[in-house]
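Structural features, examined
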Amino acid sequence: MTATMRTLLSGTGVVIAAFCAISLAHGQKETERFIPIGQSPGVSQKVTSIGEIAEVDESMRTVTIVEPAGRRTVKITEKTRIWLDRTKLKQPNLPGSFADLRKGRRVEVKYQDPERRLAADWVKVEIAGP
């Protein structure tokens, strides 16, 4: 095999690996709303917080959650996706809204920036009863 062919094949392998990684990430992003709270592979409790809503500030569009590490206030932006996790009701999950973020509800929050943890990328809200 010539050096040119080896270079071409190794470059092709890198491109294929990158494409596969992008496809997996895109696939999980599209199916994330169907995954119950705390069960997102590689995401839950690594780049998310799971806890109970302690406060909701409608004027600031924030929620404060209590998690094992303490209290955290998170901004809910216009781009934040909110899903209703109805797993305990044995029903499919549905899109939600800011109005579904109520004190006492259990939530999982994934952050836009996992380091700073200021604004939510998505929020799953557990719906346990009718």
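This text goes with the structure placed above it.
The following paragraphs examine the structure supplied in this document. All values derive from a computational prediction rather than experimental measurement. (Residues numbered from 1 in each chain as written. Predicted model: local features only at pLDDT ≥ 70, side-chain atom pairs only at ≥ 80, totals over all residues. Heavy atoms only, no water.)

**Some words on the overall build of the protein chain**
Keep this limit in mind: Going along the chain from the N terminus, every DSSP run of H or I of four or more residues is numbered as a helix, and every run of E of two or more is numbered as a strand. Only protein chains enter the calculation, and the probe is 1.4 Å; a residue is then buried if its accessible area is under 20% of its type maximum, exposed if over 50%, and partly exposed in between. Any two residues having at least one pair of non-hydrogen atoms within 4.5 Å are treated as being in contact. With residues, only the protein chains shown are counted as cover, and all accessible areas are computed by Shrake-Rupley using a 1.4 Å probe.
When its secondary structure is counted, the protein chain shows one helix and seven strands. Secondary structure of the protein chain in N-to-C order comes out as α-β-β-β-β-β-β-β. Residue burial in the protein chain is summarised as follows: out of 130 residues, 35% are buried. In the protein chain, the proportion of contacts linking residues at least 24 apart, taken out of those at least 6 apart, comes to 55%. When the accessible surface of the protein chain is split by element, carbon and sulfur atoms take 59% of a total near 8300 Å².

**Side note on the side chain of Arg117**
The criterion, for reference: When charges are counted, neither His nor the chain ends are considered; positive counts come from Lys and Arg and negative counts from Asp and Glu. Salt bridges are defined as contacts in which a side-chain nitrogen from Lys or Arg sits within 4 Å of a carboxyl oxygen from Asp or Glu. Any pair of nitrogen or oxygen atoms within 3.5 Å is treated as a polar contact; in protein, a donor-acceptor pairing is required on top of that, and neighbouring residues in sequence qualify only through side-chain atoms on both sides.
Counting through the fold element by element, Arg117 comes out in the loop between strand S6 (106–111) and strand S7 (120–126). Of the side chains with opposite charge, Glu67 comes closest to the buried, unpaired Arg117, at an N-O distance of 4.9 Å. A distance of 3.4 Å separates a polar side-chain atom of Arg117 from the backbone oxygen of Lys46. A distance of 3.3 Å separates polar atoms of two side chains, one belonging to Arg117 and the other to Ser49. In this view, Arg117 contacts Lys46, Val47, Thr48, Ser49, Arg72, Thr73 and Tyr111; residues no more than four positions away in its chain are not counted.

**Quick notes on the pairing of S7**
Rule in force here: For two strands to pair, DSSP has to find at least two bridges joining them.
Within S7, seven of the seven residues are buried, leaving the element largely enclosed by the surrounding structure. Pairing of strand S4 (residues 81–85) with S7, which is carried by five bridges, proceeds in the parallel orientation. Looking across to S7, one finds that Asp85 is bridged to Glu126. Here S6 pairs with S7 via five bridges, running antiparallel. Its bridge partner being in S7, Lys110 is matched across the sheet by Trp122.

**Quick word on the pattern of salt bridges**
Scanning all chains against the criterion turns up eight salt bridges. A salt bridge links Glu32 to Lys124, with the shortest nitrogen-to-oxygen separation between them at 2.6 Å. With Glu32 in the loop between helix H1 (3–31) and strand S1 (48–57) and Lys124 in strand S7, this residue pair connects regions lying 92 residues apart in the sequence. Residue classification places Glu32 among the buried positions, given a relative accessible area of 3%. For Lys88, the salt bridge identified is with Glu126, shortest N-O distance 3.6 Å. On the criterion of sequence distance, the pair formed by Lys88 in the loop between S4 and strand S5 (94–95) and Glu126 in strand S7 is long-range, its members being 38 residues apart. Residue classification places Lys88 among the exposed positions, given a relative accessible area of 57%. Look at Glu126 and you get buried, because its relative accessible area is 14%. Each of Arg81, Lys110 and Asp121 takes part in salt bridges that share partners, so that together they form one network.

**Overview of the nonpolar core**
Short version of the rule: Residue types Ala, Val, Leu, Ile, Met, Phe, Trp, Tyr and Cys, when buried and joined through side-chain atoms within 4.5 Å, form a set referred to as a nonpolar core.
Ranked by size, the top nonpolar core spans 16 residues in total, and within it Ile65, Ile76, Leu101, Val107, Val109, Val123 and Val125 carry the most contacts. Of all elements in the fold, only strand S2 (62–67), S4, S6 and S7 reach the threshold of two or more residues within this core. If we skip the residues at most four places from it in the chain, Val125 touches Ile37, Ile82, Trp83, Leu84, Asp85, Asp100, Leu101, Arg105, Arg106 and Val107.

On their own, these measurements won't tell you what the molecule is for.
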